[in-house]
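Remarks on the overall topology
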Amino acid sequence: MPAPALKLKANVRARVLAEHPWVFANEVEALLPPEHDGEVVECRDRTGRFLGVGIYNGKSQIVWRRLGRERTALDRDDLRGRLERAIARRAGDRFGDCRRLVWSESDELPGVVVDQFGDVLVAQIQTAAMEKRSALLGDLLAEILKPAEIIFRNDAPIRRLEGLPLETHTRSGGAWAPRWVRIDGIDTWLDLQGGQKTGFYLDQRPQHAAVARYCPGRRVLDAFCNQGPFALHAARSGAIQVLGLDSDEDAIASARRNAERNHANAEFAVANVFDWFNAPERKGEPAWDVIILDPPPFAKSKSALAGALRGYKEINLRAMQRLSPGGVLATYSCSHHMQDADLRGVLADAAADARRRVRVMEWCHQPPDHPVLIGMPESEYLRGYILRLE
């Protein structure tokens, strides 16, 4: 019996033909019956040429996600091989024991994200096919890495696009209490079962150290500070004053706890960063020597990009106006809809309005444990610049 297969429409320029791993519902001639949701199916072009196998979900706009060009059953042996290859890519002391182990399509496991925090793994399952195999994935991770616990953070809103419920649980069935985890020499209070995302933003780890090199003896403002890692690294490097701002009260509480635990000379305040910069009382304050802007994604969809560009320009303009001559601005975007040219254009416009001469000191990007798939722009999302202003 022939395997079930999707067939591309004749006149559609599907991105899958240019190595993108997704096929959308409006790109195929017909959807498959519901019993194929969450299963492995083939995809063929309009001439019937085999394009590969992937996971299917007729409830999603992304109906097919490529697993590979070879036929597979996505069984225990196949999944184990995919996990082992992903883990092997992170081998060595470069990443330590706090790292991203699996990054979805970039690691041939569409919809699976696994972060490691010492002896605990945090997994996110975001596709119907991997949800069907989540228990098996947990068993395989336990066999390969022997963690003390695996926490399934299946509470990301993106699951609704796959018709999946939101929930959180541990593999053991017990609760995982928040506790201290040492990350890059700093004790960090982590709530891996109830905190944001997987509990900590591992993608910015290299940037914490990169920015800290500019901070000794300087006044540092860490805007959108979350749990305070940029601020704490700045304080540890010898900054004379550090202030972290975030609108999330729980994040600020964690940042203060982290500062106290690490005896860091850093203060934190709950504030809307845009309002804080625009407050009249800011006009008489001394300029900052280093400002870090690491906001949440402003452009969560392509349609939101125009508004996001205005937001990025506004916040970077305000920061440039508050920097001392020779000051450093470390600025980032984690919106994959915002390309590097967009960010550079925003920064150039902000510099013109602020009447500041700006030089690029460092280009910033997501680290190697968050690999970019060359044919998939969505896998590249974190970019930034470290700038010096005259």
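The structure contained in this document is the topic of the report that follows. (Residues numbered from 1 in each chain as written. Predicted model: local features only at pLDDT ≥ 70, side-chain atom pairs only at ≥ 80, totals over all residues. Heavy atoms only, no water.)

Now for the packing of aromatic side chains. Applying the stated criterion across every chain, the model contains nine aromatic pairs. Geometrically, the ring pair formed by Trp 276 and Phe 277 is edge-to-face, given 5.4 Å between the ring centres and 80 degrees between the ring planes. With relative accessibility at 13%, the residue Trp 276 sits in the buried group. Among the aromatic side chains, those forming a connected cluster through ring pairs are Phe 224, Phe 274, Phe 298 and Tyr 312. Seen from the ring of Trp 176, Arg 179 lies directly overhead, with NZ or CZ sitting 3.9 Å from the centre. (Phe/Tyr/Trp six-rings, centres within 6.5 Å; stacked < 30°, edge-to-face > 60°. Buried < 20%, exposed > 50% of the residue type's maximum accessible area, 1.4 Å probe, protein only. Lys NZ or Arg CZ within 6 Å of the ring centre and 35° of its normal.)

Per the stated rule, a full pass over the model turns up two cavities of 30 Å³ or more. Counted as a void, the largest cavity has a volume near 70 Å³. Lining the largest cavity, in full, are Ile 183, Ile 186, Thr 188, Phe 200, His 208, Gln 227, Gly 228, Pro 229, Leu 232, His 233 and Asn 258. Of all elements in the fold, only strand S12 (186–190) and helix H5 (229–237) reach the threshold of two or more residues within the lining of the largest cavity. The wall of the second largest cavity is formed by Ile 55, Tyr 56, Asn 57, Ile 62, Val 63, Trp 64, Arg 65, Thr 127, Ala 128, Ala 129 and Glu 162. Those elements giving two or more residues to the lining of the second largest cavity turn out to be strand S4 (50–56), strand S5 (62–68) and helix H2 (128–132). (1 Å grid on protein atoms, 1.4 Å probe; cavity = no way out; pocket = protein on both sides within 12 Å on 5 of 7 lines; lining within 4 Å. Points joined across faces, edges and corners; volume = space filled by probe spheres on them. Helix = DSSP H or I, 4+ residues; strand = E, 2+ residues; numbered from the N terminus.)

Here we come to the state of the cysteines. A full pass over the atoms with the stated rule returns zero disulfides. Free of any disulfide, Cys 225 has its nearest neighbouring cysteine sulfur in Cys 215, separated by 14 Å. The exposure class assigned to Cys 225 is buried, which follows from its relative accessible area of 4%. Of all cysteine sulfurs in the structure, the one in Cys 364 sits closest to Cys 334, which takes part in no disulfide; the separation is 14 Å. Classification of Cys 334 by relative accessible area gives partly exposed; the value is 22%. (Disulfide = S-S within 2.5 Å.)

This paragraph deals with the packing of helix H1 (residues 76–89) against helix H3 (residues 134–145). Look at H1 against H3: their axes get within 10 Å of each other, and the N-to-C directions meet at 50 degrees. Of the possible angle classes, the one that applies to H1 and H3 is oblique. Note that H1 runs across H3; the crossing there is right-handed. Between H1 and H3, the contacting residues are Arg 76, Leu 79, Arg 80, Leu 83, Glu 84 and Ile 87 on the first element and Leu 136, Leu 137, Asp 139, Leu 140, Leu 141, Glu 143, Ile 144 and Leu 145 on the second. When its residues are assigned to classes, the contact of H1 with H3 shows nine nonpolar, no polar and five charged. (Axes fitted to C-alpha atoms, helices over the stretch in contact; angles between N-to-C directions. Parallel < 35°, antiparallel > 145°, perpendicular 65-115°, else oblique. Left-handed = near helix turned anticlockwise from the far one by under 90°. Contact = heavy atoms within 4.5 Å. Nonpolar A, V, L, I, M, F, W, Y, C, P; charged D, E, K, R; others polar.)

A separate point is the pairing of S4. With six of seven residues buried, S4 is to be regarded as a mostly interior element. Pairing of strand S3 (residues 40–44) with S4 involves five bridges; the strand directions are antiparallel. For Cys 43, the partnering residue across the bridge sits in S4 and is Gly 52. The hairpin turn running from S3 into S4, its antiparallel successor, is five residues long, and Gly 48 in that turn takes a positive phi close to 95 degrees. Bridge count between S4 and S5: four bridges; the pairing is antiparallel. Pairing of Gly 54 across the sheet is with Arg 66, part of S5. (Pairing = 2+ DSSP bridges.)

What follows is about the pattern of salt bridges. In the structure shown here, the tally under the stated rule is 30 salt bridges. Close ionic contact of Glu 19 with Arg 69 constitutes a salt bridge, the shortest N to O distance being 2.6 Å. Pair noted here: Glu 19 is in the loop between strand S1 (5–7) and strand S2 (22–24) and Arg 69 is in the loop between S5 and H1, with a separation of 50 residues, a long-range link. You can call Arg 69 partly exposed: its relative accessible area is 42%. Measuring nitrogen to oxygen at the nearest pair gives 3.4 Å for the salt bridge that ties Arg 89 to Glu 108. Here the residue Arg 89 occupies a position in helix H1, and Glu 108 occupies one in the loop between strand S6 (98–103) and strand S7 (112–117), the gap between them amounting to 19 residues. (Salt bridge = Lys/Arg side-chain N within 4 Å of Asp/Glu carboxyl O.)

Turning next to the sheet that holds strand S13 (residues 219–223). By way of backbone hydrogen bonds, the strands of a sheet pair with one another, either parallel or antiparallel. The strand order across the open sheet formed by seven strands is S15-S14-S13-S16-S17-S19-S18, and the pairing between neighbours is mixed. The sheet terminates laterally at strand S15 (267–270) and strand S18 (358–365), the two strands that pair on one side only. Pairs of neighbouring strands in the sheet enclose a mean axial angle of 15 degrees, with direction left out of account. Pairing between strand S14 (residues 241–246) and S15: four bridges, direction parallel. Paired with Leu 245 across the strands is Ala 269, a residue of S15. Against the sheet, helix H6 (residues 249–261) touches S14 and S15, its axis set at about 170 degrees to S15.

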